[in-house]
Structures are given as structure tokens and as C-alpha cells.
Amino acid sequence: MTLRLVSILCLLFAACRCQHNVVQIQAQAPLIVFRLKGDYRNLVPVTMNAERTAITSYPHPSDVKSEKGLRYPLKLKKNYWMDNLGIGPGVAYLDYSLEEYSKMENAPDREDLMAHIRDKDPLESMFRCGTVGDYEDPVKTINEWIRKDSLEAKATRLR
């Protein structure tokens, strides 16, 4: 009986520690704000090399959804968007919608992904605004910076 109780307590402790680590990682995720040259917010982002000749990373179809639904970027003021998928300066967009991609069992191979690139250089601008955990209400704070035209002064320009 004692061994069973100790085993259960160890499992509960391990589960609590794992959940804490997940929350901590999410709070430290970079907060990326960007503007696009076109309307790509519903499309799947991938990362390309500096020469824009190869895809260096891409999401698994399960990565584009969360318990709340598809991971679309969040709309901000003046055509800015807040990232919700982990994009960076090397972002390109595929012609797959997040919805159709999320229904795939596995990601297509890199050759197929390359054939589905809609725009290799879609960014008008991109900023890193610290981390998600830096803000009580990141959307409100960043929208205020945008409204006051102080985004460039408050954030780090990535592109």
C-alpha cells in the first residue's frame, strides 16, 4: 500500500512540474509583431534560408492548431499582426490554408512544400517586442504603441 501511495505521489509531482515548465516556456516565447505585403494571415508559414532557395523549417500539421482552434495571427491596429505560430525574418507563406494543412496527417516533404510557396518574401516589417510573459495584456500594450507610432522605438526591428 505504501509503495502504491509513493508511486502515485511521484506521478502527481512529475505532472505538476511538467505543466509548470510548459507555462514557463510559453511565457518566454518571443512576441513578434509584423506587417505583410499581402493577405497571408490564413496561410501556412515556413522558414527559408537567407538566399530564399530552401525551406529550413516548417510546422507539422498538428502545430497549426491549439485547444482553442487554428493558430491564426492576432489582428492589431494599422494592419499589424501578432504572431501565433513562431515565425521569424525568414518567413515565407505556402498556398495551403491553415485549415486544410491542419487536416493533413503529416506534412508534405520539402520538395512539395517548395512547390507550394506563394510568397518567398512577404514581410513589409517585423519587430520583436520582448517575450509574451513581459506583458499583462500584450495586445493592448502593442496596440497602444502602434497608435502612438512608438512601435519602432519600443521594439527591436527584425526586418
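Everything quoted here is computed from the prediction, not taken from an experiment.

Structural notes on the overall build of the protein chain
Looking only at helices and strands, the protein chain features five helices and 11 strands. When the 159 residues of the protein chain are sorted by exposure, 34% land in the buried category. Counting only contacts in the protein chain whose residues sit at least 6 apart along the sequence, the fraction spanning at least 24 positions is 78%. Of the accessible surface of the protein chain, which amounts to about 10000 Å², a share of 53% is contributed by carbon and sulfur atoms.

A short note on the side chain of asparagine 49
As for its placement among the helices and strands, asparagine 49 is situated in the loop between strand S2 (43-48) and strand S3 (55-57). Under the relative-accessibility criterion, asparagine 49 is labelled buried at 19%. Separated by 2.8 Å, the side chain of asparagine 49 and the backbone nitrogen of arginine 52 make a polar contact. Only 2.8 Å separates the side chain of asparagine 49 from the backbone nitrogen of threonine 53, close enough to count as a polar contact. Not counting residues up to four positions away in its chain, the partners in contact with asparagine 49 are Ala54 and Thr56.

Concerning the pairing of strand S8 (residues 91-97)
Most of S8 sits inside the fold, with five of its seven residues counted as buried. As defined by bridge partners, S2 adjoins S8 across four bridges and the pair is classed as antiparallel. From the neighbouring strand, valine 46 faces S8, where its bridge partner is alanine 92. Pairing analysis gives two bridges linking S8 to strand S9 (residues 117-119), with the strands arranged antiparallel. Bridging from a neighbouring strand, tyrosine 93 pairs with aspartate 119 of S9.

Considering empty space enclosed by the protein
A probe as big as a water molecule, rolled over the atoms, marks out the empty space that is left. Evaluated as defined, the whole model comprises one cavity of 30 Å³ or more. What the largest cavity holds in volume is close to 90 Å³. For the largest cavity, the lining is made up of 15 residues, of which Phe34, Pro45, Pro73, Leu85 and Tyr93 are closest to its centre. Breaking the lining of the largest cavity down by element, the ones donating at least two residues are strand S1 (30-36) and S2. Across the lining of the largest cavity, the residue classes tally to 11 nonpolar, one polar and three charged.

Observations regarding the environment of lysine 65
Tracing the backbone shows lysine 65 in strand S4 (residues 65-66). For the pair lysine 65 and serine 102, spaced 37 residues apart in sequence, the C-alpha separation works out to 6.8 Å. A distance of 3.0 Å separates a polar atom in the side chain of lysine 65 from the backbone oxygen of serine 102.

Thoughts on the nonpolar core
Looking at soluble globular proteins, one finds that nonpolar side chains tend to be buried together. One finds Leu31, Val33, Leu76, Tyr80, Cys129, Ile142 and Leu151 to be the most contacted residues of the largest nonpolar core, which totals 13 residues. Those elements that place two or more of their residues in this core are S1, strand S10 (123-131) and helix H4 (138-147). The biggest single contributor to this core is H4, with three residues. In this view, leucine 151 contacts Val33, Tyr80, Phe127, Cys129, Ile142, Trp145 and Ile146; residues no more than four positions away in its chain are not counted.

Details of H4
Buried residues of H4: Pro138, Ile142, Asn143, Trp145 and Ile146, and no others. Within H4, the buried residues cover an arc of 155 degrees as seen down the axis, which keeps them to one side. Those residues of H4 that are buried are in contact with S1, strand S7 (81-82), S10 and helix H5 (151-154). Among the residues trailing H4, aspartate 149 stands out with phi positive, at a value near 55 degrees.

About the cut-offs
- Residues numbered from 1 in each chain as written.
- Predicted model: local features only at pLDDT ≥ 70, side-chain atom pairs only at ≥ 80, totals over all residues.
- Heavy atoms only, no water.
- Helix = DSSP H or I, 4+ residues; strand = E, 2+ residues; numbered from the N terminus.
- Buried < 20%, exposed > 50% of the residue type's maximum accessible area, 1.4 Å probe, protein only.
- Contact = heavy atoms within 4.5 Å.
- Areas by Shrake-Rupley, 256 points an atom, 1.4 Å probe, with all protein chains shown as cover.
- Polar contact = N/O pair within 3.5 Å; in protein donor to acceptor, adjacent residues only side chain to side chain.
- Pairing = 2+ DSSP bridges.
- 1 Å grid on protein atoms, 1.4 Å probe; cavity = no way out; pocket = protein on both sides within 12 Å on 5 of 7 lines; lining within 4 Å.
- Points joined across faces, edges and corners; volume = space filled by probe spheres on them.
- Nonpolar A, V, L, I, M, F, W, Y, C, P; charged D, E, K, R; others polar.
- Core = buried A, V, L, I, M, F, W, Y, C linked by side-chain atoms within 4.5 Å.
- Arc of directions from axis to C-beta.

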